[in-house]
Amino acid sequence: MRRSIDELRTFYGEPTGALVRRLLARRLSDAWGTASNCDVLGLGYATPWLDGFSDARRVIAAMPGGQGAEHYASAARNRSVLVDERRLPFASGLFDRILMVHAIEEADDPQAILIEAARTLSPSGRLIVATAARGGLWARTEATPFGHGRPFSRRQLENLVRGAGLEPSAWSPAVYVPPWRPLLGFADGFEQAGRVAFPGAAGLILLEASRRNYARPRPKGNLVVLPRPALAPAPSGATRQSHSTGVSRDSELEPQRKPLYGGVPCTD
């Protein structure tokens, strides 16, 4: 069962949640900057970080039905929508950047959500999924949303994104400070020391992935070009072709394969 939108909003309004928001925002800024000229999707509960993509062309916050949605519209181009996480209401290849936070830990089928997110990712797009780390302290306390659902190890996340047809490209641990309020003021020191001395003690994992690029196989040997017959037998029930246009009279025209965007492409 997912945490409700009210629980998540309350958590990120408290000092502990504000710290998580700040530490993750730093990692996201290092990875994507302000997402200049990108179309960005936040899936799960990603609204605390979406305002950081100030140069994005458009930002959409998609929130699962079991969680609930909140209003998010810092600009006219930005929207929030309540979605069925297994059937996102977006065209394939629509988004240049997809950020998934609180998206898969409490999902019934994390693989299905990642497959659907991968469908909406553009060919050169990049996806970041942030989850509670299996070996971290944040997954062991129910005082935060990260203590609910299932935590993940780095290898488990890599297997999930590969199962969705994506390839892991980078990862980053984050939030080394224990989830105890007296220690929150020392968070920056924990971050610096933890990355060097205790990399496995991070509370959260961020994994970035992109679409797989396959090299086109080159045929071996000499190619033989077969002569094209002047006439070819038509199957039974085939429609006749118009001599003036060459288009089947009884069929629909093939849709034009236009690029998704006519403007400036998303820049890294």
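Throughout this description, residue numbers start from 1 for each chain and increase along the sequence as written. Reporting in this predicted model follows two pLDDT cut-offs: at least 70 for local features of residues, and 80 or more for side-chain atom pairs to be given and counted; totals over whole chains, interfaces and linings ignore these cut-offs and use all residues. To get the side-chain values, all heavy atoms of the structure are used, and hydrogens and water are removed first.

**Structural notes on the sheet that holds strand E2 (residues 58-64)**
Paired strands are those between which DSSP finds at least two bridges. Secondary structure counts use DSSP, requiring at least four H or I residues in a row for a helix and at least two E residues in a row for a strand, with both numbered from the N terminus. Taken together, 7 strands build an open sheet; the order of strands is E3-E2-E1-E4-E5-E7-E6 and the sheet is mixed. If you trace the sheet from one side to the other, it starts and ends with strand E3 (79-83) and strand E6 (166-174), each paired once. Averaged over neighbouring strand pairs, the angle between their axes works out to 20 degrees when direction is ignored. Inspection of the sheet shows strand E5 (residues 121-132) paired to strand E7 (residues 204-211) by 7 bridges, in the antiparallel sense. Paired with Ile-128 across the two strands is Glu-208, which belongs to E7. Under this scheme, a helix contributes an axis fitted over its contacting stretch, all axes are lines through C-alpha atoms, and angles between N-to-C directions fall in the 0 to 180 degree range.

**Remarks on the environment of Ile-60**
Tracing the chain through its elements places Ile-60 in strand E2. The rule is simple: take the accessible area with a 1.4 Å probe, protein chains only, and divide by the maximum for that residue type; under 20% is buried, over 50% is exposed, in between is partly exposed. Among the residues examined, Ile-60 registers a relative accessible area of 9% and is labelled buried. The sequence separation of Ile-60 and Thr-47 amounts to 13 residues, and the corresponding C-alpha distance is 9.2 Å.

**Description of unusual backbone geometry**
Here Ala-35, not a glycine, exhibits a phi torsion of approximately 55 degrees, which is positive. Looking at the element boundaries, Ala-35 is found in the loop between helix H2 (15-32) and strand E1 (39-44). Judged by relative accessible area, which is 1%, Ala-35 ranks as buried.

**Comments concerning the nonpolar core**
Throughout, nonpolar core names a set of buried Ala, Val, Leu, Ile, Met, Phe, Trp, Tyr and Cys residues whose side chains join them through atoms within 4.5 Å. The biggest cluster of nonpolar side chains holds 37 residues, and the ones touching the most others in it are Val-20, Val-40, Phe-53, Leu-99 and Phe-146. Mapped by element, the contributors of at least two residues to this core are helix H1 (5-12), H2, helix H3 (47-50), E2, strand E4 (95-101), E5 and E7. Not counting residues within four places of it along the chain, the set of residues in contact with Phe-53 comprises Trp-32, Gly-33, Thr-34, Ala-35, Val-40, Val-59 and Leu-99. With 31 residues, the next largest nonpolar core counts Ala-117, Leu-160, Ile-205 and Leu-207 among its residues. For this analysis, residues touch if any pair of their heavy atoms sits within 4.5 Å.

**Examining the packing of helix H4 (residues 110-119) against helix H5 (residues 154-163)**
Taken N-terminus to C-terminus, the directions of H4 and H5 make an angle of 50 degrees; their axes are 8 Å apart at the nearest point. In this view, H4 runs oblique relative to H5, as classed from their interaxial angle. Crossing angle aside, the handedness with which H4 passes H5 is right-handed. Here H4 contributes Pro-110, Gln-111, Leu-114 and Ile-115 to the contact with H5, which in turn contributes Asn-159, Leu-160, Val-161 and Gly-163. Residues are grouped as follows: nonpolar covers Ala, Val, Leu, Ile, Met, Phe, Trp, Tyr, Cys and Pro; charged covers Asp, Glu, Lys and Arg; every other residue, Gly included, is treated as polar. For the contact of H4 with H5, a count of residues per class yields 5 nonpolar, 3 polar and no charged. The labels follow the angle: roughly parallel below 35 degrees, roughly antiparallel above 145, roughly perpendicular from 65 to 115, and oblique for the rest. Put simply, a crossing is left-handed when the front helix is turned counterclockwise from the back one by less than a right angle, and right-handed when it is turned clockwise.

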